[in-house]
Amino acid sequence: QVQLVESGGGLVQAGGSLRLSCAASGRTFSSYDMGWFRQVPRKEREYVAAITSSGGSTYYADSVKGRFTISRDNAKNTVYLQMNSLKPEDTAVYYCAARPRGVTVTRTLYNYWGQGTQVTVSS
């Protein structure tokens, strides 16, 4: 069982940066593949980025490639999403998710979710 708590969201101007954090409970965090997703009202939650349990491989949606960086610190049970060059279309609630094995971009295959953190990018 893993509990996830996101933080770091807020209001930022276009072109600015934010770093989201996702703190996980439990002693087995290092065995979980992790993902970040985002959702705007009346739309499906969409994949943003994913990272393998070791941190050795990372994956990104085309819409954020080159601007966002996912990373993790297994000693701190935390996964991060560094967001640079933010655009108004990045405005959403951002969620982190955990899966015991097998990194994936498919939302429905993640077992555990945080409560989300709001990111608002003003133009």
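Above this note sits the structure.
Residues numbered from 1 in each chain as written. Predicted model: local features only at pLDDT ≥ 70, side-chain atom pairs only at ≥ 80, totals over all residues. Heavy atoms only, no water.

> Explain the packing of aromatic side chains residue by residue, including any values.
Going through the model one piece at a time under the given rule, you end up with 5 aromatic pairs. Summarising the aromatic geometry, the rings of Tyr32 and Tyr112 are spaced 6.0 Å apart at their centres and angled 70° between planes, so their arrangement reads as edge-to-face. Highlighted residues: Tyr32 in the loop between strand S3 (18-24) and strand S4 (33-39) and Tyr112 in strand S10 (residues 112-113), separated in sequence by 80 residues. Relative to Tyr110, the ring of Phe37 has its centre 5.3 Å away and its plane inclined at 75°; by these criteria the two rings are edge-to-face. Residue Phe37 is found in strand S4, and its partner Tyr110 is found in the loop between strand S9 (92-99) and S10; the two are separated by 73 residues along the sequence. The same class applies to Phe37 and to Tyr110, which are both buried. (Phe/Tyr/Trp six-rings, centres within 6.5 Å; stacked < 30°, edge-to-face > 60°. Helix = DSSP H or I, 4+ residues; strand = E, 2+ residues; numbered from the N terminus. Buried < 20%, exposed > 50% of the residue type's maximum accessible area, 1.4 Å probe, protein only.)

> I'd love a proper account of the pairing of strand S5 (residues 46-51), names of residues and values included.
Within a regular strand, side chains alternate between the sheet's two faces. Burial runs high along S5: 5 of the 6 residues are buried. With 5 bridges joining them, S4 and S5 adopt antiparallel strand pairing. Opposite Trp36, over in S5, you have Ala49 as the bridge partner. Here S4 folds back onto S5 in antiparallel fashion, the turn holding 6 residues, of which Arg42 has a positive phi close to 65°. Pairing of S5 with strand S6 (residues 58-60), which is carried by 3 bridges, proceeds in the antiparallel orientation. (Pairing = 2+ DSSP bridges.)

> Tell me about the nonpolar core, and please be specific about residues and values.
Residues Met34, Trp36, Leu81, Met83 and Tyr94 are the most contacted members of the largest nonpolar core, which totals 34 residues. For this core, the secondary structure elements donating two or more residues are S3, S4, S5, strand S7 (68-73), strand S8 (78-83), S9 and strand S11 (117-122). Leaving out residues up to four positions away in the same chain, Tyr94 has contacts with Glu6, Leu20, Trp36, Phe37, Arg38, Val48, Phe68, Leu81, Met83, Gly116, Thr117 and Val119. (Core = buried A, V, L, I, M, F, W, Y, C linked by side-chain atoms within 4.5 Å. Contact = heavy atoms within 4.5 Å.)

> Give me the pattern of salt bridges: which residues, what numbers.
Opposite charge on two side chains permits them to pair, given that their charged atoms come into close proximity. Applying the stated rule across the entire model yields 5 salt bridges. Arg107 is the salt-bridge partner of Glu44, the closest N and O atoms lying 3.9 Å from each other. Taken as a pair, Glu44 in the loop between S4 and S5 and Arg107 in the loop between S9 and S10 lie far apart in primary sequence, 63 residues in all. We classify Arg107 as partly exposed; its relative accessible area is 32%. The shortest N-O distance in the salt bridge between Asp62 and Lys65 comes to 3.1 Å. A residue is classified by how much of its surface remains accessible, and Asp62, at 67% relative accessible area, is exposed. One network of salt bridges, with partners in common, ties together Arg38, Glu46, Arg67 and Asp90. (Salt bridge = Lys/Arg side-chain N within 4 Å of Asp/Glu carboxyl O.)

Limitation: the analysis is restricted to geometry and does not speak to function.
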